[in-house]
There are 2 protein chains.
Amino acid sequence: MKLIDGKKISSDKRAEIKEKVAKIKQQTGKTPSLATILVGGDPASRVYIKSKIKACEDAGIKSFHYNLDENSPQEEIIALIKKLNENSEIDGILLQLPLPQNKDAQECLNTISPLKDVDGLHPFNAGLLNLSKSWNEIIEKNILVSCTPLGVVHILHKSGITIKGKTAVVIGRSNLVGKPLSMLLLANDATVIMTHSKTRNLKEICKSADIVVVAVGKARFVNKDFIKTGAAVIDVGINRTPEGLCGDVDFDAVKDMDIEITPVPGGVGPMTITMLLENTLKAFNNRKR
Amino acid sequence: MKLIDGKKISSDKRAEIKEKVAKIKQQTGKTPSLATILVGGDPASRVYIKSKIKACEDAGIKSFHYNLDENSPQEEIIALIKKLNENSEIDGILLQLPLPQNKDAQECLNTISPLKDVDGLHPFNAGLLNLSKSWNEIIEKNILVSCTPLGVVHILHKSGITIKGKTAVVIGRSNLVGKPLSMLLLANDATVIMTHSKTRNLKEICKSADIVVVAVGKARFVNKDFIKTGAAVIDVGINRTPEGLCGDVDFDAVKDMDIEITPVPGGVGPMTITMLLENTLKAFNNRKR
């Protein structure tokens, strides 16, 4: 087994971003900025938001945080988003998910200006990704793509794992990870298999794949039976268990196989926030303010 | 082999649409309408446009046709689209593809109002499809989806072919067919395999599938080696050959197999225009004019 060092890939990328931010400041006198919105006090969400704010600080990106009450009506969230859309000082807007119950997350996301949509969850940006014909087009057009899938692809690229012509299975079809990741892998010329809870023979399907990405949020869901020798395994899951954090892959069960794999923690996790910084820079550049 | 009668499925659906249009006229005094734009005089495009206008007439849908010169600058196409966007009498706008060389089709498509985008090629509509979590959501939200893929799914539904839990291979990843079709099949709970020119072992992959949809525009590309016994084969190709029209499937080579298959002509072809009428109705309803 070869461990893929997500921490290292992430910190290299963050250093690169930090440099770009410094250059922007020097050349334009302006500072890229991110607004984060947290509704309610979910402990995990608080931790994520804190890390995001901290990462912005470290990279020299200005951040503004808004904490709404758990019981804030949806109109209040939307009103805040609209205010931030109009605020020319703000480049990116991140609405921390999940929202408390009884709120329609997609409806809130749809009100974020596509230009400031650093999570790539506005239909316009999801559509731009879908219509892109290549990875080059995605890069050249500065398309805002959901951070975790973007991080996964960055890990594959930086690890020297060929995507073109390879068979890639994506387990899980969420709007945040599975679907955008499938489109990114397709743009990178993989043969992409989209699987989910209704898929039969999942093990056999995965066992045929060169690249397996799992994002289902089920601790140790993927074991030896899913993985072929020589495969690259990307574990997007972050599950809290009595034994501590663990991924969607049963790491102990596969660790003696001849594979490359991202650990949890220290694999995909750090990349998500890194790509949020990258997207904030993209949003700054797209807005050319 | 069991032939899937696309003509019959199509004419049933057109009768249903015609009834709906009559009801709308009766209840609102208004007539759903479609504007078609043809740039240049490509013979195949002319034939398609004629059929589309004829189908509108037959269904009671008003149609307006605009023929621009082959050498019209792109700005002229865009100016026409903008005029049609603002014209409250027009419900749907169809820009016939492909455009003559030196024109950026996607740029023109992006100027069509998403509410009038009956080909579902505006990024906003492509994104709504991508973010949809089920077929029900696509129907309930009246999302405008590219006509040919919509026709394919309608054929599968009407033929009693189960999609849920089945493995569906889509050959070809165009924005008009392959990609939206993959998203539709996913929304219908298929395990979806997106394949294309960079795919290796295409035959083996197809041979494992319950549903094979081919949309590559290569005459007789798919033969016996691609198809497993019992599979449903949907042939989207329409190729002009010295021996006449033929599909992407080598029909003669597979006709003795125990499969269900759409013929060419008389399979998917008629559905595309039928779904254009359906989308025009959807656009009328979404605009609630």
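Residues numbered from 1 in each chain as written. Chains lettered and ligands numbered in written order. Predicted model: local features only at pLDDT ≥ 70, side-chain atom pairs only at ≥ 80, totals over all residues. Heavy atoms only, no water.

**A short note on the pattern of salt bridges**
Residues and elements named next belong to chain A.
- In this structure the tally under the stated criterion is 26 salt bridges over all chains.
- The closest approach of N and O atoms between Glu260 and Lys2, which form a salt bridge, is 3.4 Å. Placement of Glu260 in strand β11 (residues 260-261) and of Lys2 in strand β1 (residues 2-3) is noted, with a sequence separation of 258 residues between them.
- As a salt-bridge pair, Glu243 and Arg220 come within 3.0 Å of each other at their nearest N and O atoms. Of this pair, Glu243 sits in the loop between β9 (239-241) and β10 (244-246) while Arg220 sits in the loop between β7 (211-214) and β8 (232-235), and the two are 23 residues apart along the sequence.
- Judged by relative accessible area, Glu243 falls into the exposed class, the value being 59%.
- Salt bridges sharing common partners tie together Lys13, Glu16, Lys20 and Glu278. (Salt bridge = Lys/Arg side-chain N within 4 Å of Asp/Glu carboxyl O. Helix = DSSP H or I, 4+ residues; strand = E, 2+ residues; numbered from the N terminus. Buried < 20%, exposed > 50% of the residue type's maximum accessible area, 1.4 Å probe, protein only.)

**Quick look at the sheet that holds strand β4 (residues 92-95) of chain A**
Residue and element names in this part refer to chain A.
- What the three strands build is an open sheet, ordered β3-β2-β4; its pairing is parallel. In this open sheet, the two strands that pair with only one neighbour each are β3 (62-68) and β4. Within the sheet, the average angular offset between the axes of one strand and its neighbour, ignoring direction, is 15°.
- Where strand β2 (residues 33-39) and β3 come together, seven bridges link them in parallel fashion. Among the inter-strand pairings, Val39 is bridged to a residue of β3, identified as Leu68.
- Sheet contacts for helix α2 (residues 43-59): β2, β3 and β4; angle to β2, the most-contacted strand, approximately 170°. (Pairing = 2+ DSSP bridges. Axes fitted to C-alpha atoms, helices over the stretch in contact; angles between N-to-C directions. Contact = heavy atoms within 4.5 Å.)

**Some remarks on the interface of chain B and chain A**
- With 33 residues of chain B at the contact, the number on the chain A side is 33 residues.
- Summing both partners gives a buried area of about 3000 Å² for chain B against chain A, and 61% of it is carried by carbon and sulfur.
- Inspection of the chain B/chain A interface yields two salt bridges.
- A salt bridge links B:Asp189 to A:Arg173, with the nearest nitrogen and oxygen atoms 2.7 Å apart.
- Across the contact surface, chain B and chain A share 16 residue pairs in polar contact (both at pLDDT 80 or more).
- For the side of chain B that touches chain A, the secondary structure elements donating two or more residues are α5 (123-131), α8 (178-187) and β6 (191-195) of chain B.
- The greatest single-element share of the side of chain B that touches chain A, amounting to seven residues, is contributed by α5(B).
- For the side of chain B that touches chain A, the class distribution of residues is 13 nonpolar, 12 polar and eight charged.
- Across three bridges, the pairing between strand β6 (residues 191-195) of chain A and β6(B) is antiparallel. Note that in β6(B) the partner of A:Met194 across the bridge is B:Val192. (Buried area = accessible area lost by both parts, 1.4 Å probe. Polar contact = N/O pair within 3.5 Å; in protein donor to acceptor, adjacent residues only side chain to side chain. Nonpolar A, V, L, I, M, F, W, Y, C, P; charged D, E, K, R; others polar.)

**Focus on the sheet that holds strand β11 (residues 260-261) of chain B**
- The sheet built from 12 strands is open, its strands ordered β1(A)-β11(A)-β8(A)-β7(A)-β5(A)-β6(A)-β6(B)-β5(B)-β7(B)-β8(B)-β11(B)-β1(B) with mixed pairing. This sheet does not close on itself; its edge strands, each paired only once, are β1 of chain A together with β1 (2-3) of chain B.
- As defined by bridge partners, β1(A) adjoins β11(A) across two bridges and the pair is classed as parallel. Bridged to A:Leu3 within β11(A) is A:Ile261.

**Things to note about the relation of the copies chain B and chain A**
- The two copies are related by a screw motion: chain B maps onto chain A through a turn of 180° and a shift of 0.0 Å along the axis, at an RMSD of 0.0 Å. Here the two chains are linked by the operation of a two-fold rotation axis.
- Both copies contact each other with a shared surface, as 100% of the interface residues of chain B are interface residues in chain A too. (Least-squares fit on C-alpha atoms with pLDDT ≥ 70 in both.)

**With respect to the side chain of A:Thr274**
All names here are of chain A.
- You can see Thr274 is positioned in helix α11 (residues 269-287).
- A relative accessible area of 0% means that Thr274 is categorised as buried.
- Polar contacts involving the side chain of Thr274 include one to the side chain of Arg14, which spans 2.8 Å.
- Ignoring anything within four residues of it in the chain, the contact list for Thr274 reads Ser10, Lys13, Arg14 and Ile17.

**A closer look at the nonpolar core**
- Grouped together as the largest cluster of nonpolar side chains are 109 residues, with contacts concentrated most on A:Leu185 and B:Leu185.
- Formed by 38 residues, the second largest nonpolar core is a distinct cluster that contains A:Leu202, A:Val254, B:Ile205 and B:Val233. (Core = buried A, V, L, I, M, F, W, Y, C linked by side-chain atoms within 4.5 Å.)

**Here we look at the UniProt feature "domain: Tetrahydrofolate dehydrogenase/cyclohydrolase NAD(P)-binding" (unreviewed entry) in chain A**
- Taken from the UniProt record, the annotation "domain: Tetrahydrofolate dehydrogenase/cyclohydrolase NAD(P)-binding" (unreviewed entry) applies to residues 146-287 of chain A.
- Between the first and last C-alpha atoms of residues 146-287 of chain A the distance is 18 Å; the span itself is 36% helix and 18% strand. (UniProt positions renumbered as here; feature names shortened; annotations may be inferred.)

**Description of the UniProt feature "domain: Tetrahydrofolate dehydrogenase/cyclohydrolase catalytic" (unreviewed entry) in chain A**
- When the UniProt feature table is mapped onto this chain numbering, "domain: Tetrahydrofolate dehydrogenase/cyclohydrolase catalytic" (unreviewed entry) sits at residues 4-119 of chain A.
- Across residues 4-119 of chain A one finds 51% helix and 16% strand; the C-alpha atoms that close the span lie 24 Å apart.

**Focus on the packing of α2(A) against α11(A)**
All names here are of chain A.
- Running from N to C, α2 and α11 point in directions that differ by 50°, and their axes come no closer than 10 Å. Between α2 and α11, the angle falls in the class oblique. In the packing of α2 onto α11, the handedness of the crossing is right-handed. Listed contacts from α11 to Tyr48, Ser51, Lys52, Ala55, Cys56 and Ala59 of α2 are Ile273, Leu276 and Leu277. (Parallel < 35°, antiparallel > 145°, perpendicular 65-115°, else oblique. Left-handed = near helix turned anticlockwise from the far one by under 90°.)

**Re helix α3 (residues 74-86) of chain A**
All names here are of chain A.
- Helix length check: α3, at 13 residues, gives a terminal C-alpha distance of 19 Å against a target of 18 Å (1.5 Å per residue), a fit within 8%.
- Where α3 is concerned, the buried positions are Gln74, Ile77, Ile78, Leu80, Ile81 and Leu84. For α3, the arc enclosing every buried residue in end-on projection is 160°, short of the 170-degree limit, so these residues lie on one face. In this structure, α3 carries Glu75, Lys83 and Glu86 as exposed residues pointing more than 90 degrees from its buried face.
- For α3, the elements touching its buried residues are β2, β3, β4 and α4 (105-110). (Expected span 1.5 Å × (residues − 1). Arc of directions from axis to C-beta.)

**What about a nonpolar patch on the surface?**
Residues and elements named next belong to chain A.
- A cluster of nonpolar side chains, namely Tyr48, Ile238 and Leu245, defines an oily patch on the protein surface of about 230 Å² accessible area.
- Tracing the chain through its elements places Leu245 in strand β10.
- Given a relative accessible area of 40%, Leu245 falls into the partly exposed group. (Patch = residues over 30% accessible without salt bridge, like charges linked within 9 Å, V, L, I, M, F, W, Y side chains within 5 Å. Areas by Shrake-Rupley, 256 points an atom, 1.4 Å probe, with all protein chains shown as cover.)

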